[in-house]
Amino acid sequence: MSDCIPSTSAPSPPVIAVDPALETAPDGGPGTLPAAISGFLAAVGELLPGSSRLTMSEAASAAKTSGTMAAGETVSGMFADPAGTIRAGMVDGVILPPDATPPDDPVLDWFILPRAADENAAAAATILFRRRHPVFTALRGLYAKPVFFVGAGTGDDACTIAGVRRLEHCDVCLHDALIDPDILSFVRPGARLVDVGKLCGKHSYSQEIITRLIVDEARRSVRVVRLKGGDPGIFGRLAEEVEGLEELRLSYRIIPGVSSLNAATTGTGILLTRRGTNRGFCVMTPRRRGGGTGAVGADERGRQPVAFFMAARLVGQLAEELLADGWPTETPGAIVYHAGSDRERIVSGTLESFRREENVPKHTHAGLVLVGLDAVRRHVGAWGLLGGQRIWLPGADHARRGIFADRVTDFGGRALEKPLARLVPAGCGRDTRGVMKAAAATKAAAETTADAAAGVTTVAPTEAPTEAPTETMPEVTTEPAKAPASTMLTANRQREEIPRREPPEFDLVIFDDPADVEAAVRRWSAGLLADRSVAAIGREVAAGLAAAGVEPAFAFDSTTDPAAVVDAIARHFLPAVVARHRQP
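Residues numbered from 1 in each chain as written. Predicted model: local features only at pLDDT ≥ 70, side-chain atom pairs only at ≥ 80, totals over all residues. Heavy atoms only, no water.

## What about the pattern of salt bridges?
Applying the stated criterion across every chain, the model contains 35 salt bridges. Between Arg212 and Asp216 there is a salt bridge, with the nearest N and O atoms lying 3.5 Å from each other. Of this pair, Arg212 and Asp216 are both found in helix α7 (residues 207-218), four residues apart, which corresponds to roughly one turn of the helix. Exposure remark for Asp216: the relative accessible area of 7% places this residue in the buried category. A salt bridge links Asp513 to Arg495; its shortest N-O distance comes to 3.7 Å. (Salt bridge = Lys/Arg side-chain N within 4 Å of Asp/Glu carboxyl O. Helix = DSSP H or I, 4+ residues; strand = E, 2+ residues; numbered from the N terminus. Buried < 20%, exposed > 50% of the residue type's maximum accessible area, 1.4 Å probe, protein only.)

This is the structure:
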């Protein structure tokens, strides 16, 4: 499994300094570190056994030896300028109190370490380190969640189910002005609402401030949704915002939305395409960056990217025609197969390579051909510990499967909730609506219980980021939190298999029921699992896999809760992710 991410030689063990204030008891005497900080240091030590934490005397000795501490200067004085301590090369990282203001320094990076389950504070510490340090950047993946860019669609009922799900689970929602206010009713009660909208001729906040806010909230280890009107990828300045996250290697996901283009055409009956009448259309804006206007004539339209539907099997002929029409041979492009599904595949190239049909699959699957787009530079945000890997969740228990899915998402993976069976009331046949509704209602309570049992942190909303020097940060609106609903499910349920013609395309599968192992092997043979990583929960599952000749890469006791299972799997990838972060 680790060979999914390139690896190189191990990095040097980091040296970490801890602010003395974190080890001081309330009475002013010596104390112990909070559990969350101890856990973080343990994770560093587990990853790199040679890691060290500086004591006060060692820090002073190192500072005096290097000449970075002036004669007579106290050790605590080092922490008056933690950024300078890191820049001077004395330490690799500094653990500061949670209320410390991270320096606005282009050389440094930071994230908030959330509290442990048995601690009352909203945050435990601020971790400060040199930007793109491979170890600290990878370890941040244990705490920082992906930012979700969600397309709100148009109107009050066009947001997708995937978008609504993210709103229901977010801690902070940064939303545009041009969205229907009713969409915000889906935001989790207690989450912070931040209006960062820009209206024509009135920009309350510059794009730089909005991007900074997104990045800062992501580093606070809370669940962030950036809610954009329509589809975020169409004139939504999405690239500028995700590039801010890419610069710091923070994970994100993009959920498409229903564009105003769809609403204004298909939604009104004005069809953009009609057999025998028009075979395509061009979309562009007359506005340029900075507020000016640009030409929209034939020459300008001819330089815009073009999308060709149902064209994958004709890509060679298509490229020939475009080259003959004067398009440069090096024009980039891509062929997208099964867009949006777990079977999605992208073939990048140029018009010349497409003309020769290099690397173009010789099958009959339909695909979308994109020409003129920088297809090589894809915005995918796969910096989390699971790196965008597809995790198949075949379990029949809806509530339990949902806990797996949310935790996989937190670590930057793609959860494939494709069960092999459903649980229905005994004797009720296929009428599963009541049970599914009850399962959905209990999910929030199950998440809270499982997270507490596993020591998984639930992050409380944080204060708004520090005000920028030249602009005021957005005003924050907070709604009172409501207690989650709780509904008990009857234990008298039976298993009913769900027909599925093809298995999903996955990188790792988590089995927690031996019946799912039996069903998968019976439908598609053990070969389905031969070249994939498998996680087994419980002895019966492990025995079922062994009978099929499959050795699991991960094995857990049957009492291990879903959140702890995914946490352990994510930690397994830490060394490989560190190696990945070391690459330019």
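## Focus: the packing of aromatic side chains
Inspection of every chain in the model, using the stated rule, returns 10 aromatic pairs. Seen in terms of ring centroids, Phe111 and Tyr143 are 5.9 Å apart; in terms of plane orientation they differ by 20°. Their pairing is stacked. You can see Phe111 sitting in strand β4 (residues 108-114) and its partner Tyr143 sitting in the loop between α5 (134-139) and β6 (147-151), a full 32 residues away along the chain. The exposure classification of Phe111 matches that of Tyr143, with both residues buried. By the ring-pair criterion, three or more aromatic residues cluster together here, those being Phe40, Phe111, Phe129, Phe136 and Tyr143. Here the guanidinium or amino end of Arg166 rests over the ring plane of Phe148, the centre of that ring lying 4.5 Å away. (Phe/Tyr/Trp six-rings, centres within 6.5 Å; stacked < 30°, edge-to-face > 60°. Lys NZ or Arg CZ within 6 Å of the ring centre and 35° of its normal.)

## Let's talk about the sheet that holds strand β17 (residues 390-393)
Across the sheet, five strands lie side by side as β18-β17-β22-β23-β24; this open sheet has parallel pairing. Every interior strand has two partners, whereas the edge strands, β18 (414-417) and β24 (554-556), have only one. Each strand of the sheet is rotated relative to its neighbour by a mean of 20°, with strand direction disregarded. Relative to β24, strand β23 (residues 533-537) runs parallel, the two being bridged by three bridges. Across the sheet, residue Ala535 finds its bridge partner in β24, namely Phe554. Helix α18 (residues 562-572) contacts β22 (508-511), β23 and β24 of the sheet and is inclined by roughly 150° relative to β24. (Pairing = 2+ DSSP bridges. Axes fitted to C-alpha atoms, helices over the stretch in contact; angles between N-to-C directions. Contact = heavy atoms within 4.5 Å.)

## Here's the deal with the packing of helix α6 (residues 161-169) against helix α13 (residues 398-410)
For the pair α6 and α13, interaxial distance at closest approach is 13 Å and the crossing angle is 85°. With respect to α13, the axis of α6 lies roughly perpendicular. Two secondary-structure elements touch here, α6 through Arg165, Arg166 and His169 and α13 through Gly402, Ala405, Asp406 and Thr409. Of the residues in the contact of α6 with α13, the class split is one nonpolar, three polar and three charged. (Parallel < 35°, antiparallel > 145°, perpendicular 65-115°, else oblique. Nonpolar A, V, L, I, M, F, W, Y, C, P; charged D, E, K, R; others polar.)

## Some points on a nonpolar patch on the surface
A contiguous nonpolar surface patch, about 390 Å² in accessible area, is contributed by Ile234, Phe235, Phe281 and Val283. In this fold, Phe281 is placed in the loop between α9 (260-264) and α10 (298-301). (Patch = residues over 30% accessible without salt bridge, like charges linked within 9 Å, V, L, I, M, F, W, Y side chains within 5 Å. Areas by Shrake-Rupley, 256 points an atom, 1.4 Å probe, with all protein chains shown as cover.)

## Structural notes on the environment of Leu370
Among the secondary structure elements, Leu370 is positioned in strand β16 (residues 367-371). Residues Leu370 and Val336, 34 residues apart in the sequence, show an inter-C-alpha distance of 7.9 Å. Setting aside residues up to four positions removed in sequence, Leu370 forms contacts with Val306, Ala307, Pro332, Gly333, Ala334 and Val336.

## Digging into the nonpolar core
Ranked by size, the top nonpolar core spans 48 residues in total, and within it Ile37, Phe40, Ile95, Leu113, Leu139, Ile510 and Ile569 carry the most contacts. For Leu113, the residues in contact, after removing those within four places along its chain, are Ala36, Ile37, Phe40, Ala123, Ala124, Ala125, Ile127 and Tyr143. Of all hydrophobic cores here, the second largest spans 21 residues; its members include Leu174, Val194, Val222 and Tyr252. (Core = buried A, V, L, I, M, F, W, Y, C linked by side-chain atoms within 4.5 Å.)

## A short note on α13
Spanning 13 residues, α13 covers 18 Å between terminal C-alpha atoms, matching the ideal 18 Å at 1.5 Å per step. Of all 13 residues making up α13, 11 are buried, and the element is well covered by its neighbours. For α13, the complete set of buried residues consists of Ala399, Arg401, Gly402, Ile403, Phe404, Ala405, Asp406, Arg407, Val408, Thr409 and Asp410. Two or three places before Ala399, at the start of α13, stands the capping residue Asp397, its side-chain oxygen 3.2 Å from that residue's backbone nitrogen. Gly412 lies just past α13 and shows a positive phi near 80°. (Expected span 1.5 Å × (residues − 1). Polar contact = N/O pair within 3.5 Å; in protein donor to acceptor, adjacent residues only side chain to side chain.)

## Looking at the sheet that holds strand β14 (residues 332-337)
The pairing of strands in a sheet happens through backbone hydrogen bonds and is either parallel or antiparallel. Spatially, four strands are ordered β13-β16-β14-β15 in an open sheet, and the strand pairing comes out antiparallel. Every other strand in the sheet has two partners, leaving β13 (306-308) and β15 (345-350) as the edge strands with one partner each. Going across the sheet, the axis of each strand differs from the next one's by a mean of 20°, ignoring polarity. In terms of strand pairing, β14 meets β16 through five bridges, oriented antiparallel. Bridged to Ala334 within β16 is Leu370. Packed onto the sheet, helix α11 (residues 315-324) meets β13, β14 and β16 and runs at close to 20° relative to β16.

## Some remarks on the environment of Phe148
Tracing the sequence through the fold places Phe148 in strand β6. Here the alpha-carbon distance between Phe148 and Ser251, two residues 103 residues apart in the chain, equals 9.0 Å. The residues contacting Phe148, other than those within four sequence positions of it, are Arg166, Val224, Val225, Arg226, Arg253, Ile255 and Thr409.

## Concerning the side chain of Asp176
Note on placement: Asp176 falls in the loop between β7 (172-175) and β8 (192-195). A polar contact is formed between the side chain of Asp176 and the side chain of Arg226, at a distance of 2.8 Å.

## Remarks on the packing of α7 against helix α8 (residues 238-247)
Where α7 meets α8, the closest approach of the two axes is 9 Å, and the angle between their N-to-C directions is 40°. On the basis of their axis angle, the class for α7 and α8 is oblique. As α7 packs across α8, the resulting crossing turns out to be right-handed. Together, Gln207, Ile210, Thr211, Ile214, Val215 and Ala218 of α7 and Glu240, Glu241, Gly244 and Leu245 of α8 make up the contact between the two elements. (Left-handed = near helix turned anticlockwise from the far one by under 90°.)

## Digging into the pairing of strand β11 (residues 224-228)
Buried residues dominate β11, accounting for five of its five residues. Burial of the side chains of β11 extends over both faces: Val224, Arg226 and Lys228 are buried on one face and Val225 and Leu227 on the other. For β6 and β11, the ladder comprises five bridges, and the chain directions are parallel. Looking across to β11, one finds that Phe148 is bridged to Val225. Examined bridge by bridge, β7 and β11 share four bridges and lie parallel to one another. Among the inter-strand pairings, Leu174 is bridged to a residue of β11, identified as Arg226.

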